[in-house]
Amino acid sequence: MMQSLKQQWFGNVRGDILSGIVVALALIPEAIAFSIIAGVDPMVGLYASFSIAVIIAFVGGRPGMISAATGAMALVIADLVADHGLQYLLVATILTGIIQVLFGVFGIAKLMRFIPNSVMIGFVNALAILIFMAQVPHFLREGYITYLFIVVTLCIVYILPRFIKAIPAPLIAIILLTAVTFIFNFELKTIGDLGAISQSLPHFIIPDVPINFETLAIIFPYALALALVGLMESLMTAQIVDDMTDTKSNKNIEARGQGIANIVNGFFGGMAGCAMIGQSMINVKSGGRGRLSTLVAGMFLMFLILVLGKIVIDIPMPVLVGIMIMVSIGTFDWGSFKYIVKAPKSEAFVMLATVAVVVYTDNLAIGVVLGVILSSLFFVATISKVRIHQDNGTFIVEGPLFFASTQKFVQTLEAVKADIITIDLTSSHLWDESAVGAVVKVVTKLEEQGKTVKVIGMNPASEKLYNQLLNVSVSH
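These remarks concern the structure in this document. Note that the coordinates shown come from a computational prediction; the quantities given were computed from them, not determined experimentally. (Residues numbered from 1 in each chain as written. Predicted model: local features only at pLDDT ≥ 70, side-chain atom pairs only at ≥ 80, totals over all residues. Heavy atoms only, no water.)

## Considerations on the pattern of salt bridges
Pairs can form between side chains of opposite charge once their charged atoms are near each other.
Line of reasoning, step 1. What the rule picks out here adds up to five salt bridges.
Line of reasoning, step 2. With its nearest N and O atoms 2.7 Å apart, the salt bridge here joins Lys251 to Asp242. Across the pair, exposure class does not vary: Lys251 and Asp242 are buried alike.
Line of reasoning, step 3. Taking the shortest distance from any N to any O, the salt bridge between Glu414 and Lys445 comes out at 3.8 Å. Separated by 31 residues along the polypeptide, Glu414 in helix H18 (residues 406-414) and Lys445 in helix H19 (residues 433-448) bring together distant segments of the chain.
Line of reasoning, step 4. For Lys445, a relative accessible area of 37% puts it in the partly exposed group.
Line of reasoning, step 5. What you see here is one network of salt bridges that share partners, running through Arg62, Asp242 and Lys251. (Salt bridge = Lys/Arg side-chain N within 4 Å of Asp/Glu carboxyl O. Buried < 20%, exposed > 50% of the residue type's maximum accessible area, 1.4 Å probe, protein only. Helix = DSSP H or I, 4+ residues; strand = E, 2+ residues; numbered from the N terminus.)

Shown next, in the form of structure tokens:
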């Protein structure tokens, strides 16, 4: 245990510190932008990013993953802020954390196994598209200098790592191009144009709302939605980081950690947050692997606000835009074009539908839920095909019998004209009460017609279920 913690904290000190610095610089415009979406002061998003990143570094289950204020959460809370104000947002954030802790305790991570690969690919691709689309307002119709800076940033981030590996290329791009902007006095949009940054630490506050059922009725729907969206995005991001780094993480601990972070965050004036796939990708691609990178990202973010606030606001936006575009390019699964051609049509459709819904709604949770539902429907449709063929007086059933496949079974056997009938279930399996009920119904109806019916070939599991539910099915 101690050896594992030591590795998570100090196994990659240089890489974690440098990558954390890069992430902190990229967090500032994102946090401000998400604050604007939510309808709150920019410092609410910045305080949230600082608090969540620092806390999750200690209590999270996925080392090297970055959590902070996010766009998905901002979209959920926008109406709450508009209707009831900041204080209700803070108490909703605290309740969100409590719900997430409970989800973690009860093992919500087990649900991850129900998310198909086609949905994961769609999730990743949609996120890459959303990351790119979020950058468009920052450079569209901004002049050729802006485009030039973006291109130069892309070149630095793409080419420089081939020659310099000790310092993350995005950090070099930020320092170098910020210096160039100062030297040549270029007129470019800067971080400061997104919103004002006050150089002050967050402080402990108790949300000023009445503690009663009316307040709970207002905040609970938002808190539940925030908890689900946050955990879905966090657990899927954790899985992606797992795959990228070829390591494992504890998803239930991550769920509890997200909850703890949001509880504390709410008491320090921050909006609800969760894992950020874009920033996590920056961290991993910049060399971050351990908890130290997440801690440094949060601590350096606050250092930038408190000490270097007046310098940070002058960092040109085109540089950060270029870095995020590179992240979107790296995040997109380019092999999915081949996947569309070679995968079963149903899975390709699920992947494309997930992408389309997420991009259209700007909500990752809706797209993922829809993708899972579509996959389930296609799966049920595929396995519910039952084939029945006759060999003299024996009717051989092939395929699983369950609620979606019993109709053909009943219709075929009820129409049999023979006087002696054998139903062979050797190549079938009874999965639920509907299957048992279908067998009982067929046997009963045929026997009422004076026919002799025998059921053979039931495997032990089917026979056990049949005997267990026989009385229930007969009573129906």
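## A few points about the side chain of Ser49
Line of reasoning, step 1. Its place among the elements puts Ser49 in helix H3 (residues 42-59).
Line of reasoning, step 2. Given the relative accessible area of 0%, Ser49 is considered buried.

## So, unusual backbone geometry
Line of reasoning, step 1. Even without a glycine there, the phi angle at Asn185 is positive, about 55 degrees.
Line of reasoning, step 2. Relative to the helices and strands, Asn185 resides in the loop between helix H8 (169-184) and helix H9 (213-245).
Line of reasoning, step 3. Although it is not a glycine, Asp246 adopts a positive phi angle of roughly 55 degrees.
Line of reasoning, step 4. Considering the arrangement of structural elements, one finds Asp246 in the loop between H9 and helix H10 (251-267).
Line of reasoning, step 5. A residue is classified by how much of its surface remains accessible, and Asp246, at 72% relative accessible area, is exposed.

## Section: the sheet that holds strand S5 (residues 420-430)
Line of reasoning, step 1. Pairing is mixed across the open sheet formed by four strands, whose spatial order is S3-S4-S5-S6. A single partner strand is all that each edge strand has here, and the edge strands are strand S3 (387-391) and strand S6 (452-456). The mean inter-strand angle of the sheet, taken between neighbouring strand axes irrespective of direction, is 20 degrees.
Line of reasoning, step 2. As paired elements, S5 and S6 share five bridges and run parallel to each other. Residue pairing across strands places Thr422 opposite Lys454, the latter belonging to S6.
Line of reasoning, step 3. On the sheet, H18 packs against S3, strand S4 (394-401) and S5 and is oriented at approximately 25 degrees with respect to S3. (Pairing = 2+ DSSP bridges. Axes fitted to C-alpha atoms, helices over the stretch in contact; angles between N-to-C directions. Contact = heavy atoms within 4.5 Å.)

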